[in-house]
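One-letter residues, chain by chain:
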Amino acid sequence: MKAVILAAGDGERLAPITQTLPKALLPIGSESILSRQIRQLASLGVTDVTVVIGYEGHAIREHLAASNPPCNVHFVENNHYKTTSTAYSAWLAADHVRGDSFFLLDGDVVAVDAVFESFIALTGNTLLYEAKSISSPEEMKVAQDPADGHVYLSKKIATDRSLGEFVGVAVISAEANEAFFAALASHKDGYYEEAFNEIAVGHPFELQAVTENSWIEIDFVTDYLQAVRLFTETREEVAAPQVSEQVLLCPGPVMVSKKVKSALLHADIGHRETEFIEILTRCRAKLNNVYGANHEYTNVIITGSGTAANEALLSSYGPGKKLLILSNGEFGNRLLDLARCHNLNHTALEFGWTHPMDLAKIEQTIATGDYDALMMVHHETSTGMLNPINEIGALLKPYHVDFLVDAVSSIGAEALSVEKANITFCTASANKALASLPGLAFVCGKRSAFQALRDVPAHTRYLDLYRHYEFEDLHYQTPNTPAVSLFYALETALDELLEDTLEKRMQHYGHLSSLIRNRLKKLGMSFPVEEQQMSRVLTTVFYPADVDVEGFHDWVKQHNYVIYRGKGPLLGRAFQIANIGHVREEHVRAFLDLMERGFQLKQSADAVVEAAATVE
Ligand SMILES: Cc1ncc(COP(=O)(O)O)c(C=O)c1O
C-alpha cells in the first residue's frame, strides 16, 4: 500500500510558530507531525510514502533524511504552493501512485494510533469523518445525498445536512485512481474535495467514523496546543494528577468537558491587543444569546466569582435607591448581606427557607410605591427551589420598578429570558450550568440602565459597573487585567451549549434530575421543597432516619463523588445532589447505586447490632 501526504502549505494561520518551520514539522512530543504520520502508516504496512512539499521544503527533506523513516519516502515539489492549493499538490503526486490504491492525508492531521489502525480494513474509496454537529464555515463538512446515497464534501454544507467533519484522510481505490487524478487535473486551481465530489457518482465513497478527540487538524495555534496536550499525554507518561478524578455532584464548581479544559492551552496574548478584544466581543455576543436578550440589552464580563457580579450590581446601582430584597434561602440572604455591607437603603422581604415566594405579599409591598427596585435570586441554590421570576417581572411592570435578578445557578439550565421576564439587570457566573471554569461573572442589563449608572456614585471602584460597561461596551476592553485564559474556556463552553441548544441542555438536565428524584422516592426519601418548585439541576433531600450524616458524606467522598451538605436549617438534616455542568447519565446512575448500597450497608449493620442486642 502507498500513501500521499500533502505538506506544501505555509500554515499562514499558525504564524508566528510556522515562521521558520513548516507545519508538518511541528513537534508532538518527541516526533514531528510528519514523522508521526509516517510511523503510523508504516506500522500498517505502507511501504511508500510520497510527501508533497513546498513551503520550507528543504527543511522537510533534511528532517526526514535525519530521522531514518521506517519506509520509503519520496518527495514531490509544489513550487507554486503560494498560489495553488490541495488539488494541485495531490495531482503532482500522480506518478508515484498511478494504478494503485493509496491513502491521501493532509499533512496537518494528528491522530491517535487507533485511527490509523482502522485503515487496515479499508480498501475501497473511503473518507474518514467525525460525526458531530458543526456550524463553523471554516470546517470541511461531510454529507450524504438522501436520494442516491452519494457522499460529498464542502465547507458550505448546511449544519442540519452535515453528518460531521472530514478528518483530512481518504483512501482512493486502485479502481478509482485514474478518475481521481483526471478530476484533480480539471480542478487544479481549487481544492481536492472538488475532485472527490466529481468522482463520487461513478466511484462511490464509504464513510468511516472516527471518535471525538482521536484526531485534530492543526489550523490554529490553539489546535496545535490542544494536540500537544491530548496526544503527548497518551504517548508519553505524564505524571498522574495528585487528586483522583472526582465526580462533582455539587452545585458548583462543576465538571467541565475536556474541550473546555483544553481551551486553556491557548497562545499567550496581551489583553489590550486585538486577540483579546475579539474573544471578549465574541463571548459577550454569545452570552447575550444565552440570556435570551434582544438588542436593548448588553452585558459585561467581570473577572471574579458570582458574588463579584452581585456586589458590582448592588454597590453600583444601589446608592440613592430604595431596594426591596426578597429571600427564601442562603443566597437571598447574601444579597441582603451585600446591601448591608454597602449601606444601601433596603428592606428585606423574607419568606423562610424552602418556602415559596408569596406573590400577593410582594405586590402589596411594591404597590406602596416605596421602592425603586426589587432584587431576588432565580434559583435558590441552598434549597434547590426555582423562584417565579416571570410572574414577579410581570407584576413589577405596571409599577415601573426595576427588576434585578441573580441567575447565577439558573442560567443555562432553566428557561430564562431577560427580555420576557422584564429584567433590568441579571447576574450570573461561568461555573454552574454554563459548564465553564470558575472565575468569570456576568451582569446583563438594559443598555439604558447601564447608561443611567453614570450618574450614580458607586460604592466600589474595582467593581464599578458603569466603568465595566464603559470599557467593555464602548472600548471593547476590560478596565483591569482580566483572567484571559478563562475567556477561552468560556467561549468553548458557550459554543458547546449553543450548538447543543438550550432546549436540549434543559431536557438533559431534566432527565438527570428525574432519574435522581425517582430513585430517591423509591427509597422512601422525601424533599424539603415541593417537587414542582424544584429546579432541574439540583435536588435537596432529607437523610433517611439514623444516618450518620458526616459519615455518609465522607463515605461517598471516598468513592470519589462530591455532594453538598445541607445549609442553614437543613444542615445535618438534608444533603444536595446536583446534576449541573458536564454530568453524564452514567455518573448519576453510578452514584445512585452507590448511595443505595450505602443505605443498605447501614441497614444491615443496624440489623447486626439489633440482633446482637436481642441475643444479649
Ligand atoms: C444563586 C447564587 N448566587 C450567588 C452565588 C455566589 O457565587 P460565588 O460563590 O461564585 O461567588 C451562588 C453560589 O453558589 C449561588 O448559587
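Going by the annotation in an unreviewed UniProt entry, the name recorded for the protein is 2-aminoethylphosphonate-pyruvate transaminase, with Tumebacillus permanentifrigoris given as the source organism. Annotation of the protein in UniProt includes, under Cofactor (unreviewed entry), the sentence "pyridoxal 5'-phosphate".

A. A look at the site of the ligand. In the vicinity of the ligand, the contacting residues are Gly252, Ser305, Gly306, Thr307, Phe331, Val377, His379, Thr381, Asp406, Val408, Ser409 and Ser429. Residue composition of the shell around the ligand, grouped by class: three nonpolar, eight polar and one charged.

B. Region of interest: the UniProt feature "domain: Aminotransferase class V" (unreviewed entry) in the protein. The positions UniProt marks with the feature "domain: Aminotransferase class V" (unreviewed entry) are residues 263-539. This span, residues 263-539, is 40% helix and 17% strand, and a straight line between its end C-alpha atoms measures 31 Å.

C. Local environment of the sheet that holds strand β23 (residues 440-446). Pairing within the open sheet is mixed, and its seven strands lie in the order β15-β23-β22-β21-β18-β16-β17. In this open sheet, the two edge strands, each paired with only one partner strand, are β15 (297-303) and β17 (345-350). Put simply, the sheet's adjacent strands are angled 20 degrees from each other on average, direction ignored. Where strand β16 (residues 322-327) lies against β17, six bridges are found, and the strand directions are parallel. Residue pairing across strands places isoleucine 325 opposite alanine 348, the latter belonging to β17.

D. Fine view of the pairing of strand β4 (residues 48-53). With respect to burial, β4 is a largely interior element, five of its six residues being buried. Pairing between strand β1 (residues 2-7) and β4: six bridges, direction parallel. Its bridge partner being in β4, valine 4 is matched across the sheet by threonine 50. As paired strands, β4 and strand β5 (residues 72-77) are joined by six bridges and run parallel to one another.

E. Quick look at the domain arrangement of the protein. Per the domain assignment, the segments of the protein are domain 1 (2-230), domain 2 (259-500) and domain 3 (503-615). Domain 1 and domain 2 are separated by 46 Å when their C-alpha centres are compared. Counting residues at the interface gives eight residues for domain 1, matched by five residues for domain 2.

F. Region of interest: unusual backbone geometry. Cis geometry is adopted by the peptide bond preceding proline 253, which originates at glycine 252 and carries an omega value of 0 degrees. Within the secondary structure layout, proline 253 lies in the loop between β14 (247-248) and α9 (258-262). Notably, asparagine 213 is not glycine yet its phi reads approximately 65 degrees, a positive angle. Position of asparagine 213 relative to the elements: it lies in the loop between β12 (206-209) and β13 (215-217). For asparagine 213, a count of 16 C-beta atoms within 10 Å corresponds to the partly exposed category. Backbone geometry at asparagine 560 places phi at a positive 70 degrees, although glycine is not the residue there. Examined against the element boundaries, asparagine 560 turns out to sit in the loop between α19 (549-558) and β25 (561-562). Looking at asparagine 560, the number of C-beta atoms within 10 Å reads 15, which means it is partly exposed.

Calculation rules
- Residues numbered from 1 in each chain as written.
- Predicted model: local features only at pLDDT ≥ 70, side-chain atom pairs only at ≥ 80, totals over all residues.
- UniProt positions renumbered as here; feature names shortened; annotations may be inferred.
- Near = placed C-beta within 6 Å.
- Nonpolar A, V, L, I, M, F, W, Y, C, P; charged D, E, K, R; others polar.
- Helix = DSSP H or I, 4+ residues; strand = E, 2+ residues; numbered from the N terminus.
- Pairing = 2+ DSSP bridges.
- Axes fitted to C-alpha atoms, helices over the stretch in contact; angles between N-to-C directions.
- Buried ≥ 20, exposed ≤ 12 C-beta atoms within 10 Å, placed from the backbone.
- Domains from an automatic or database assignment.
- Contact = placed C-beta atoms within 7 Å.

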